[in-house]
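Residues per chain are reported as follows:
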Amino acid sequence: MSSPSGPHGPRITRRRFLTGTAALAAIPTLAPLTGRVGEAFGITPAGAVGRNRLVVIFLGGGNDGFNTVIPMADADGTQRWSVYRQLRPTLRYEPDAVLALDRPGDADRALGLHPSLTRLHAMYQDGRVAIVQGADYPGHSFSHFDGTDFWQSGQPEITPDSGWLGRHLDRVGVGVGELRAVAVGNDLPLIFRGHDKQGVSIPGIPLQFADGTAALGDARHEALERFALHSPDEPLRQFEGQVMDATVDLTRSLELVTAPPVTSNALTNALLTARVLLESEFGLECVFVSVGGYDTHVGQRVLHQNLLTSLDTAVSTFLDGDASLNIPPMDPSVASETLVMTFSEFGRRPGENGGAGTDHGTAGPLFIVGPAGGRVVPGLHGEHPGTGTTLAPADNLVPTTDFRAVYQAVLQEWLFDPEPTYGDPLPGLLTPLPAP
Amino acid sequence: MGDTIASRADVARLLGRAAFGATAAQLDEWEGRPYADLVESLVAVPTAGSGARVLQPDDANRLVAEHGNNLQQGQQFWLGRMKTTLYPLEERTTLFWHDHFATAVAGQTPSPKLLLRQNETMRVNSLGSFRTMCQQLTVDGAMLQWLDGNVSTATKPNENYAREFFELFTLGTMPQVYTETDIRQAARVFTGWIVDANTLNGRYVTGRHAKDTKVVLGTTIPNLEGEEYKRLVDVALAQPVASKFVAYKLVQNFAYAPATRHLFDDPDPLVDEVAAAFVATDWNIQSAVRTMLLSDHFRHADAAAGNQLVRQPAEIVVHGAKATGVATSNASLLAPMGRCGQKLFQPPNVGGWPYGEGWLSTTTALARYSVAVTLTNVRNGQNVNLRMVFPPSSDIDSGGAAWAAHMGLDGLTPTTLAALQSYVTSRRGKPGATEAELQNGIFILLFTSPDWEVM
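What you see is a predicted model; the values in this text were computed from it and never measured.

## A few points about the overall build of chain A
A count of helices and strands for chain A gives twelve helices and 14 strands. Burial statistics for chain A: of 436 residues in total, 61% are counted as buried.

Right under this line is the structure:
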């Protein structure tokens, strides 16, 4: 009921303006720019350099991992199914209801997906989905806000001051005419805040000022651009002016972009908005969308069913379209470059509380979805988080995978970041590129 | 500093941050008078904290919204009240408490009716005792539904309220002084409360209460039945970090986002002053706020170090309504204000709204612009006698002093003035560019300018 619907307001980032320039991600600055932005500026279009794309979906509130990847029998020498049965008297799913994960190598794991994840399950069986189990970090926080900040910063050992993809933008730079990182939503999340660069946020498409783009509005919008010249002696005011300037550039760039179809699912709509931009060759590399409601302290069963159904529909429609809604699949050339990744700030307690819900817990699974026949190594990665035994069930699930190893793999092997900083990547998540 | 006299800039910034913005008349009225008198004019709300308040015309609108259980009417009531109240600091602090104890309408649990009741509880206590505020909100109907206190029982305690009570309402995490065990024990202390089906108020049911002895934050709490939660409020507020944490939140909402990440090891001077006032007065909010507004660290905060306030949407909407003569109860303002990121009675989550540069994104920039356009449209559609008269566009050519005063600013920064001059110069004389259109444009640009949004 009180779950975060998006990232908490940034707590930290003001310091950046005290120490460095607050350059916004460079946005196309001449209007109108559509489609071949790069060419318009004499720059190689993004598609031609084989840029990979990463779409991050934040499940805000703390997704119940124990009811997302579900034990169907005791396996791997554990009692995890017995413990699950014991601790989930009203919230459990029986093995015959669970969508069994039975790719080669999975059989003896005896794990399945929540019954609502039918399309993700089909993608899994098709070899498009990697599931990273038990993801967490040392010194786990049970706070929504600290947890969200840590996952977005990728730096749980310090007070977060930037995002793991924001620092990626710092390292790789942002070219003229590029729209490299976009959050669909109200605010710019921490994940896209770097020390020098940052992404932008858009509420949707079409994107325009309330007074239109005729001469009347244009004269005003040109004046807005001048707010960016505000003195650095007042860094917050300067930043406000830079944001106004960037907004003008953004509306001009997106002026002629066709609006995506609108469905009854808000998460689908946010992803379809991003898809329009991914398919428009703005050089878009990173997308962030968020959805709230996962903080299921009370009445979890129906809530969680609906949430996972929404996620299942959204990811599937985003990648594969929905014939019943006349939405085509993603442009194949873009789809072949696109990786979708989910995360949540924490999992939930194995034991139910008194409200047919669960309280804040630990480790949870990540879904990583790529194109069929692509470089995502399908299947289960890492071990199911520890559950203890029926005689001594774990108070909280025991994490098995440091999520930063996933970030490292994505940065190093998918986004080709020159110097990511998380140590060893999670092995075997992505197939290596063939030698040149 | 010792400068006891309020400058025009003092008036503009104090009213801009603590009273939903200054009018030109207020700038003239207070410039040159004692700064402390100006602070006292805000802080001296009659009967603050006593529970009995001066009735205001808007109270009828609140009751209409409450009885109608209507969210939009409730939002219109409160925005209207922020503009028309005789005691703007009372509404400004109430808005702060709504953010601090963030509770949102979620269908009917909680309902708009319960949020409006909670809003009144916050208003009555807005400058009163923080201890009383904590006690009353712990067993508030909307809060019990929002953080699941109403389903938390002795056999199956629900931790939701206990965790947020420590993390967000009283102690924070800079540093975190409570453990997971404290949260679980506190959840047991808070058991026993439900929302009465008839009155919709919190009601204690002894059979649902955990009657064992708990130890929270090192203090043993015996079974005190329906009074036990008050003991836990006392235990929390006795923690040395509590006053600093609540002071930090006040400073963040009224002055600037302190850079400190540790309230003891890396203190902020204004936070420490405000915290000391809480301690000295047994949690009197009026004293703490007065201390904050009088402090040189508030009045002369270091803008170059980023110590300025990014005003939240409600503040600029209400201030903009003052400068146009638009009633903030006008329904057309609600949608663009929501796109700015702030819907009253619907904070995004229990952590409340963003702050500082969190308000400044390309998404919200478009929305702020929409608010400005809406304000001019509503103004221009009103009877001419209701419109605030805009200064002429020629004032911009000659330095913009009249426009600055009209917007409650002591002057325009050189870059903002230059931007406005470029607008007026480029647009004037073009087909259809009437004087009224130029004035609308100047208002819209000032409304979205750094000078106005950040103070």
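Still more to cover.
## Quick notes on the overall build of chain B
Helices and strands together make up the secondary structure of chain B, namely 24 helices and four strands. Taking 2.2 N^0.38 as the reference for a compact globule, 455 residues should give roughly 23 Å; the C-alpha atoms of chain B span a radius of gyration of 23 Å, in line with that estimate. Its C-alpha atoms give chain B principal-axis dimensions of about 80 × 50 × 40 Å. The buried share of chain B, reckoned over its 455 residues, is 61%. Across chain B, every contact between residues at least 6 apart in sequence was considered, and the portion connecting residues at least 24 apart equals 71%.

## Remarks on the environment of B:Ala305
Along the chain, the position of B:Ala305 falls in the loop between helix 16 (296-299) and helix 17 (313-324). Along the sequence, B:Ala305 and B:Ala259 sit 46 residues apart, while their C-alpha atoms lie 9.5 Å from each other.

## Structural notes on the confidence of the model for chain B
Averaged over every residue, the pLDDT of chain B is 95; residues scoring 70 or more account for 98%. Two numbers describe this predicted complex: its pTM, 0.90, and its ipTM, 0.96.

## Looking at the pairing of strand 6 (residues 181-184) of chain A
Residue and element names in this part refer to chain A. Taking every second residue as pointing to the same face, both faces of strand 6 are buried, with Ala181 and Ala183 on one and Val182 and Val184 on the other. Strand direction decides the pairing type here: strand 6 and strand 7 (residues 200-202), joined by three bridges, are parallel. Directly across from Val184, in strand 7, lies its bridge partner Ile202.

## Some remarks on the interface of chain A and chain B
Reports of interface size often rely on the accessible area that becomes lost once the parts have come together. The interface of chain A with chain B comprises 63 residues on the first partner and 68 residues on the second. Elements that contribute at least two residues to the side of chain A that touches chain B include exactly helix 1 (14-19), helix 5 (144-153), strand 7, helix 7 (215-226) and helix 8 (235-253) of chain A. Looking at the side of chain A that touches chain B, the element that brings in the most residues is helix 8 of chain A, giving eleven residues. Residues of the side of chain A that touches chain B, tallied by class, amount to 28 nonpolar, 23 polar and twelve charged.

## Topic: the packing of helix 8 (residues 130-138) of chain B against helix 12 (residues 228-237) of chain B
Helices that pack against each other are described as a pair by the angle of their axes relative to one another and the distance between those axes. Residue and element names in this part refer to chain B. The N-to-C vectors of helix 8 and helix 12 enclose an angle of 140°; their axes lie 10 Å apart at closest approach. By the angle between their axes, helix 8 is oblique relative to helix 12. Considering the relative orientation of helix 8 and helix 12, their crossing is right-handed. Across the interface between the two elements, Arg131, Cys134, Gln135 and Thr138 from helix 8 touch Tyr229, Lys230, Val233 and Leu237 from helix 12. Per-class residue counts for the contact of helix 8 with helix 12 are four nonpolar, two polar and two charged.

## Some remarks on the sheet that holds strand 3 (residues 99-100) of chain A
Residue and element names in this part refer to chain A. Ordered in space as 2-4-3, the three strands form an open sheet in which the pairing is antiparallel. With one partner strand each, in any of the chains shown, strand 2 (69-71) and strand 3 form the two edges of the open sheet. Sheet topology note: the strand 2/strand 4 (residues 111-113) ladder contains three bridges and is antiparallel. Within the sheet, the bridge partner assigned to Val69 lies in strand 4 and is Leu113.

## Some thoughts on the pairing of strand 5 (residues 129-136) of chain A
The two faces of the sheet receive side chains in turn, since in a regular strand these alternate between them. All names here are of chain A. For strand 5, the tally of buried residues reaches eight of eight residues, placing the bulk of the element in the interior. In this sheet, strand 10 (residues 364-369) lies alongside strand 5 in antiparallel orientation, the contact comprising five bridges. When the bridges of strand 10 are listed, Val132 appears paired with Leu366. Strand direction decides the pairing type here: strand 5 and strand 14 (residues 401-402), joined by two bridges, are parallel. Bridge pairing in strand 14 links Asp136 to Asp402.

Thresholds applied
Residues numbered from 1 in each chain as written. Chains lettered and ligands numbered in written order. Predicted model: local features only at pLDDT ≥ 70, side-chain atom pairs only at ≥ 80, totals over all residues. Helix = DSSP H or I, 4+ residues; strand = E, 2+ residues; numbered from the N terminus. Buried ≥ 20, exposed ≤ 12 C-beta atoms within 10 Å, placed from the backbone. Rg over C-alpha atoms; globule rule 2.2 N^0.38 Å. Contact = placed C-beta atoms within 7 Å. pLDDT = per-residue confidence, 0-100. Pairing = 2+ DSSP bridges. Nonpolar A, V, L, I, M, F, W, Y, C, P; charged D, E, K, R; others polar. Axes fitted to C-alpha atoms, helices over the stretch in contact; angles between N-to-C directions. Parallel < 35°, antiparallel > 145°, perpendicular 65-115°, else oblique. Left-handed = near helix turned anticlockwise from the far one by under 90°.

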